[in-house]
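Okay, here's what each chain looks like letter by letter:
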Amino acid sequence: MQLLDGVLVSAHIKEQIKQEVKDWQAGGGKQPHLAAILVGNNPASEAYVGSKVKHCEELGFGSTLLRFEKDITEAFLISEVERLNNDDTIDGILVQLPLPDHISGDSVINAISPGKDVDGFHPISLGKMLLGQPTFLPATPYGIMLMLEYYKINTTGMHCVIIGRSNIVGTPMTILMSRASNPGNATVTMCHSKTKNLKEITLTADIIIAAIGRPKYVTADMVKPGAIIIDVGINRIDDATKKSGSRLVGDVDFDSVAPLCSYITPVPKGVGLMTICGLMKNTLLAAKKAKELIG
Ligand code: NAD
């Protein structure tokens, strides 16, 4: 078994981005600038946004963090997004999800200018991705593709089973893994909460991508020996041995699955770090304002 090491791969990609930012600025380009919006004070969202802002500093990007109380109106939030759309100093806009229940995430995402949609969640970005046109790829699926590419894993002809059908992970992952490129070129099966006989299906998988949100859900008896395992899940579970009283685990039961498989991503230090790379690569692209990405 080989670990797909998010620390190693993200360090490599971040060095590339840093150099690209320097070259871009040396050629007269402006410093890439990411604006992040955080509504409320969900601890996980705070941690994710904090990490994104910290990465901006590390990579030589500018960043602006806008924080709002959880009782702001949808109309106000959309007006803030529109203000950022019209601000030429801002290249990328991300709205940290989930939003409070009274605010429609779809309406807010739809308000982001497609040329600044660095999370790749806007319908235009997703539509272009579906059609294979250049666009911002959703950050987590993009990060997973970068990980597979780094390890030169040839997925052509593989049976790829994706568990989860969310708009931000599972669904775009099915598109990317089935498109005519490598990584990609896979025969894809999408499974979800209403799938019958999940285990029967996962046992036929050469590669499993788990984006379920259930701790240690994929167990050894569901995995074909030699399969490749990509664990997207980030779940906090109680752990009395930790000072904090809890720890993060994935959707895959790492301890039982790892000895069986050919490659596996750990949690933490796996896909989460790759998501940041996807976001940062998109922000740099936005700053370069590749014409075909806009509108
Ligand atoms: P989601 O809740 O939107 O979707 C979960 C999906 O899992 C659903 O489509 C559902 O149909 C499916 N599912 C639920 N129970 C199932 C079951 N018993 N069998 C089969 N399928 C089942 O979640 P999401 O936003 O896609 O996130 C999934 C997980 O990935 C979460 O743990 C989340 O925290 C994590 N996540 C991690 C990153 C990262 O960067 N590593 C990014 C996004 C999400």
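All right, on to the pairing of strand E4 (residues 92–95) then. On E4, burial covers both faces: Gly92 and Leu94 on one face and Ile93 and Val95 on the other are all buried. Examined bridge by bridge, strand E2 (residues 33–39) and E4 share 4 bridges and lie parallel to one another. Residue pairing in the sheet places Ala36 in a bridge with Leu94 of E4.

With that out of the way, let us pick up the sheet that holds strand E8 (residues 228–231). Taken together, 6 strands build an open sheet; the order of strands is E1-E11-E8-E7-E5-E6 and the sheet is parallel. At either margin of the open sheet sits one strand with a lone partner, and together these are strand E1 (2–3) and strand E6 (187–191). As defined by bridge partners, strand E5 (residues 159–163) adjoins E6 across 5 bridges and the pair is classed as parallel. Its bridge partner being in E6, Ile163 is matched across the sheet by Cys191.

Okay, the domain arrangement of the protein next. By convention, interface size is frequently given as the accessible area that disappears when the constituent parts associate. As assigned here, the protein comprises domain 1 (30–115) and domain 2 (139–273). Of note, the centres of domain 1 and domain 2, computed from C-alpha atoms alone, are 28 Å apart.

The rules behind the values
- Residues numbered from 1 in each chain as written.
- Predicted model: local features only at pLDDT ≥ 70, side-chain atom pairs only at ≥ 80, totals over all residues.
- Heavy atoms only, no water.
- Buried < 20%, exposed > 50% of the residue type's maximum accessible area, 1.4 Å probe, protein only.
- Helix = DSSP H or I, 4+ residues; strand = E, 2+ residues; numbered from the N terminus.
- Pairing = 2+ DSSP bridges.
- Domains from an automatic or database assignment.

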